[in-house]
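Residue strings, one per chain:
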Amino acid sequence: MSMFRRQAGRYVATFAVDEVRVLRKVASEVVGLLTDGFDHTDPVVGRLFPAVYPQDAPGTAEFRRYTEGDLKTAKIDQAGAILAALPDDAGGEVRLDAEAAEAWLRALNDARLAMGVRLEIKDGTDLGEELDDAVADDPGSSRVFQLSVYAYLGYLQESLLNALID
């Protein structure tokens, strides 16, 4: 698995071809969700764009009117930063400057939030236990794969954050 490290003022990780494919797929799905699939009734959209005033729907709508376009554009650009930095359909090295590294962190966070909603991951969920249960139920299930990707994104996010603060 890839691990980010600081090297000559950059944040560097080497990705295997499967990691590149997974990251490309996840980032593309976030972009798709924020463009073609953007729907306020979708719980994932609700998680990425929470009501700023939960008890005041008109106030939330007014706030969204002024901020949502810029926030959505920023989230798309952040996912785009992942897509732009990844090697083509082969494995290889990713070298990020500080700005790109922060965009990756935000995009990884958005991807994990989206997956967490779809997988019904809650604050108190023990991911290891959840994965063990999914493997016991059906080792070849899509849930096992999705939980593994969710865990991998968390690992990658932590690795990049640690490289940034070292």
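Here, the structure is the one placed above.
Residues numbered from 1 in each chain as written. Predicted model: local features only at pLDDT ≥ 70, side-chain atom pairs only at ≥ 80, totals over all residues. Heavy atoms only, no water.

Right, let's talk about helix α4 (residues 98-119) for a bit. Taking 1.5 Å of rise per residue, the 22 residues of α4 would be expected to cover 32 Å, and the 31 Å separating its terminal C-alpha atoms lies within 8% of that figure. Looking only at α4, the buried set comprises Ala 101, Ala 103, Trp 104, Leu 105, Ala 107, Leu 108, Asp 110, Ala 111, Ala 114, Met 115, Gly 116 and Leu 119. Where the residues of α4 are buried, they touch β2 (10-15), α1 (17-34), α2 (43-48), α3 (57-85), β3 (92-96) and α6 (142-165). Two to three positions downstream of the cap, the backbone nitrogen of Glu 99 sits 3.2 Å from a side-chain oxygen, assigning the N-cap of α4 to Asp 97. Just downstream of α4 lies Glu 120, where phi reads positive at about 60°. (Helix = DSSP H or I, 4+ residues; strand = E, 2+ residues; numbered from the N terminus. Expected span 1.5 Å × (residues − 1). Buried < 20%, exposed > 50% of the residue type's maximum accessible area, 1.4 Å probe, protein only. Contact = heavy atoms within 4.5 Å. Polar contact = N/O pair within 3.5 Å; in protein donor to acceptor, adjacent residues only side chain to side chain.)

Quick look at a negative patch on the surface now. Judged by side-chain charge, Asp 126, Glu 129, Asp 132, Asp 133, Asp 137 and Asp 138 come together as a negatively charged surface patch. In this structure, Asp 126 sits in the loop between α4 and α5 (127-137). Given the relative accessible area of 44%, Asp 126 is considered partly exposed. (Patch = residues over 30% accessible without salt bridge, like charges linked within 9 Å, V, L, I, M, F, W, Y side chains within 5 Å. Areas by Shrake-Rupley, 256 points an atom, 1.4 Å probe, with all protein chains shown as cover. Salt bridge = Lys/Arg side-chain N within 4 Å of Asp/Glu carboxyl O. Lys, Arg positive; Asp, Glu negative; His and termini not counted. Charge placed at Lys NZ, Arg CZ, Asp CG, Glu CD.)

With that out of the way, let us pick up the packing of α1 against α3. The interhelical angle for the contact between α1 and α3, taken along N-to-C directions, is 160°, at an axis separation of 9 Å. One way to sum up the angle between α1 and α3 is to call them roughly antiparallel. In the packing of α1 onto α3, the handedness of the crossing is left-handed. Contacts from Leu 23, Arg 24, Ala 27, Ser 28, Val 30, Val 31 and Leu 34 in α1 reach Lys 72, Lys 75, Ile 76, Ala 79, Ile 82 and Leu 83 in α3. Across the contact of α1 with α3, the residue classes tally to 9 nonpolar, 1 polar and 3 charged. (Axes fitted to C-alpha atoms, helices over the stretch in contact; angles between N-to-C directions. Parallel < 35°, antiparallel > 145°, perpendicular 65-115°, else oblique. Left-handed = near helix turned anticlockwise from the far one by under 90°. Nonpolar A, V, L, I, M, F, W, Y, C, P; charged D, E, K, R; others polar.)

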